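Structural overview for review
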Amino acid sequence: MVEVHDGPPMDGFSVPLRLHNLLLALAGRIDDSALTEARELIARAHIDEAVELTTGTLIAGKIPVSSAEQRELALVLEMSRSDATLANDLLVVEEDEPVLTHRFTGENQPEFGLAEALDRTLQVLPDVRSVHAVWRNTPAGSVPGSLPQRVVLVEIGPEGNPPAVAFRVDTALRRAGIRSVVEVAGPGVARSAYHQAASSAASPVWVTGSTHSSDFRSEPVIPAPAPASEPAKEQPSRHGLRPVGSGPEPIAPVVPIVQQAPSPAPAPPVSPVSSLSSVSSSEQAPPRKSRAETRAERTADLTPAEVAQLRQALKEDPEKGREIVSGKPSMHEVVELPALDLDDPSLSERDRALLRELHAELAERERAEAAKIRLNGASRSSGSSWSS
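Below: a short report on this structure.

1. Observations regarding unusual backbone geometry
- Omega for the bond connecting Leu147 with Pro148 falls within 30 degrees of zero, at -5°, which places this linkage in the cis form.
- Among the secondary structure elements, Pro148 is positioned in the loop between strand E4 (128-136) and strand E5 (149-156).
- Its identity as a non-glycine residue notwithstanding, Gln109 has a phi of 55°, on the positive side.

Given below as structure tokens:
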């Protein structure tokens, strides 16, 4: 029966911290997967499950432990309300019996990718002093994993919590897809031969400027200075001759872009009389339809200047003028068109164009009426010949 009440070697430590330090001493002898799982259980406050998993792994693998380690494990079993008699089944060896030695190397960049994966985690964890990485080329435990195995060594100060730091660092590395074993050492804990050999070959990943003495002796990592952002090179303008790299030009104030309707083309000058008449006629005239006007509709809508000129030309025969304006001349009458007076200074270019179009329309109507009269005469003569 193991006596668990004779002054344990870790007085003053809490139960989770005692078990964490015991796992730290068993590193290299116990399986890496069991070691990581036990530390996760400690971080989640499942102390009884963690100590039972550790004890069962040591018993099942027949892993040798010292008498001091046996007493400490029995004490943690009792303090976590587990069966302390499980410690009687451990394989105890003498202190001076040689143990398995491991081979470590810092070649092939064991620190590659760790700084990026742990950046955010290390910013929130308190009192983390250094992080190193090394490859282990020898198996550990009765069920070893693949080799080489990356070992991450973390040193923290008195304000840090070793179980929590081990869990957070391991979670961040697994999230980044990096397989490793995390070993977190706090102040006041003796380093085993396993950790001393690992730290002697480890490569630095992240080191603070603290003056705290550390057994993980490596040169501090000096981050490369961030390259100063160079101003964007100015591209040569396609519309100017100013060379690239010339002195800065004054920057014009930023004016919000507002789309404005294009200004209408200036209207041709109109005489005062015609403009006044056009305003009055536009007020009296009904709104036109949105459809496109035909040629006859454009010529039938006379301007006041056209009406005045037509009245003056046809003042000798008012009835004929009314028929011409209405577009309904008598059936058998040939309309005589007034002569064009395009040299009238009171007419604008638009008035002259409308007069030309009006005369062309009236000439076309005259030709149509003459053709209709000839057709009717031919039909009558043919009808009379048939009747005779």
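2. What to know about the pattern of salt bridges
- As enumerated under the stated definition, the model contains 9 salt bridges in all.
- The salt bridge partner of Arg174 is Glu40, with a shortest N-O separation of 3.8 Å. Of this pair, Arg174 sits in helix H6 (residues 162-175) while Glu40 sits in helix H2 (residues 32-43); the two residues are 134 residues apart in sequence, bridging distant segments of the chain.
- As a salt-bridge pair, Glu361 and Arg365 come within 3.8 Å of each other at their nearest N and O atoms.

3. Quick word on H6
- Counted at 1.5 Å a residue, the expected span for H6 with its 14 residues is 20 Å, and the 20 Å between its end C-alpha atoms agrees.
- In this fold, the buried residues of H6 make contact with helix H1 (15-26), H2, helix H5 (114-124), E5 and strand E6 (181-185).
- Backbone geometry just after H6 places Gly177 at a positive phi near 80°.

4. Details of the side chain of Thr55
- Along the chain, the position of Thr55 falls in helix H3 (residues 47-60).
- Note on Thr55: relative accessible area 1%, which makes it buried.
- If sequence neighbours within four positions are ignored, Thr55 has contacts with Leu73, Leu77, Leu86 and Leu90.

5. Some remarks on the packing of H3 against helix H4 (residues 67-79)
- Close contact between H3 and H4 brings their axes to 10 Å; oriented N to C, the two are set at 145°. Considering only the axes of H3 and H4, their crossing is left-handed. Side by side, H3 and H4 meet where Val51, Glu52, Thr55 and Leu58 of the first sit next to Leu73, Val76 and Leu77 of the second.
- Residues that form the contact of H3 with H4 fall into these classes: 5 nonpolar, 1 polar and 1 charged.

6. Let's talk about empty space enclosed by the protein
- In this structure the tally under the stated criterion is 3 cavities of 30 Å³ or more.
- In this structure, the largest cavity occupies an estimated 70 Å³ of space.
- Along its surface, the largest cavity is lined by Thr36, Arg39, Glu40, Ala166, Phe167, Asp170 and Val182.
- Secondary-structure elements contributing two or more residues to the lining of the largest cavity are H2 and H6.

7. Focus: the environment of Glu37
- For Glu37, the position within the fold is in helix H2.
- Overall, Glu37 belongs to the partly exposed group, its relative accessible area being 45%.
- Between the C-alpha atoms of Glu37 and Ala50, which are 13 residues apart in sequence, the distance is 7.9 Å.

8. Observations regarding helix H7 (residues 193-201)
- When H7 is considered as a whole, its buried residues turn out to be Tyr194, His195, Ala198 and Ser199. For H7, the arc enclosing every buried residue in end-on projection is 120°, short of the 170-degree limit, so these residues lie on one face. Along H7, the residues that are exposed and aim more than 90 degrees away from the buried face are Ala193 and Ser200.
- Buried residues along H7 sit in contact with H1, strand E3 (104-105), E4, E5 and E6.

9. Some remarks on a negative patch on the surface
- A cluster of acidic residues, Asp48, Glu49, Glu52 and Asp83, forms a negative patch on the protein surface.
- With respect to the secondary-structure elements, Asp83 resides in the loop between H4 and strand E2 (91-92).
- Given a relative accessible area of 41%, Asp83 falls into the partly exposed group.

10. Focus on the packing of H2 against H6
- Axis separation between H2 and H6 bottoms out at 8 Å; the angle between their running directions is 120°. In terms of their interaxial angle, H2 and H6 are classed as oblique. Along this stretch, H2 crosses H6, giving a crossing that reads as left-handed. Judged by residue contacts, Thr36, Glu40, Ile42 and Ala43 of H2 engage Pro163, Phe167, Asp170 and Arg174 from H6.
- Here the contact of H2 with H6 is built from residues that sort into 4 nonpolar, 1 polar and 3 charged.

11. Considering the pairing of E5
- Burial analysis of E5 places 8 of its 8 residues in the buried class, the great majority of the element.
- Neither face of E5 is open: one carries Gln149, Val151, Leu153 and Glu155, the other Arg150, Val152, Val154 and Ile156, and all of them are buried.
- Direction of pairing for E5 relative to E6: parallel, over a ladder of 5 bridges. Residue pairing across strands places Val151 opposite Val181, the latter belonging to E6.
- Crossover E5 to E6 through H6 is right-handed.

So, how was this worked out
Residues numbered from 1 in each chain as written. Predicted model: local features only at pLDDT ≥ 70, side-chain atom pairs only at ≥ 80, totals over all residues. Heavy atoms only, no water. Helix = DSSP H or I, 4+ residues; strand = E, 2+ residues; numbered from the N terminus. Salt bridge = Lys/Arg side-chain N within 4 Å of Asp/Glu carboxyl O. Expected span 1.5 Å × (residues − 1). Contact = heavy atoms within 4.5 Å. Buried < 20%, exposed > 50% of the residue type's maximum accessible area, 1.4 Å probe, protein only. Axes fitted to C-alpha atoms, helices over the stretch in contact; angles between N-to-C directions. Left-handed = near helix turned anticlockwise from the far one by under 90°. Nonpolar A, V, L, I, M, F, W, Y, C, P; charged D, E, K, R; others polar. 1 Å grid on protein atoms, 1.4 Å probe; cavity = no way out; pocket = protein on both sides within 12 Å on 5 of 7 lines; lining within 4 Å. Points joined across faces, edges and corners; volume = space filled by probe spheres on them. Arc of directions from axis to C-beta. Patch = residues over 30% accessible without salt bridge, like charges linked within 9 Å, V, L, I, M, F, W, Y side chains within 5 Å. Areas by Shrake-Rupley, 256 points an atom, 1.4 Å probe, with all protein chains shown as cover. Lys, Arg positive; Asp, Glu negative; His and termini not counted. Charge placed at Lys NZ, Arg CZ, Asp CG, Glu CD. Parallel < 35°, antiparallel > 145°, perpendicular 65-115°, else oblique. Pairing = 2+ DSSP bridges. Right-handed = clockwise from strand over helix to strand, strands pointing away.

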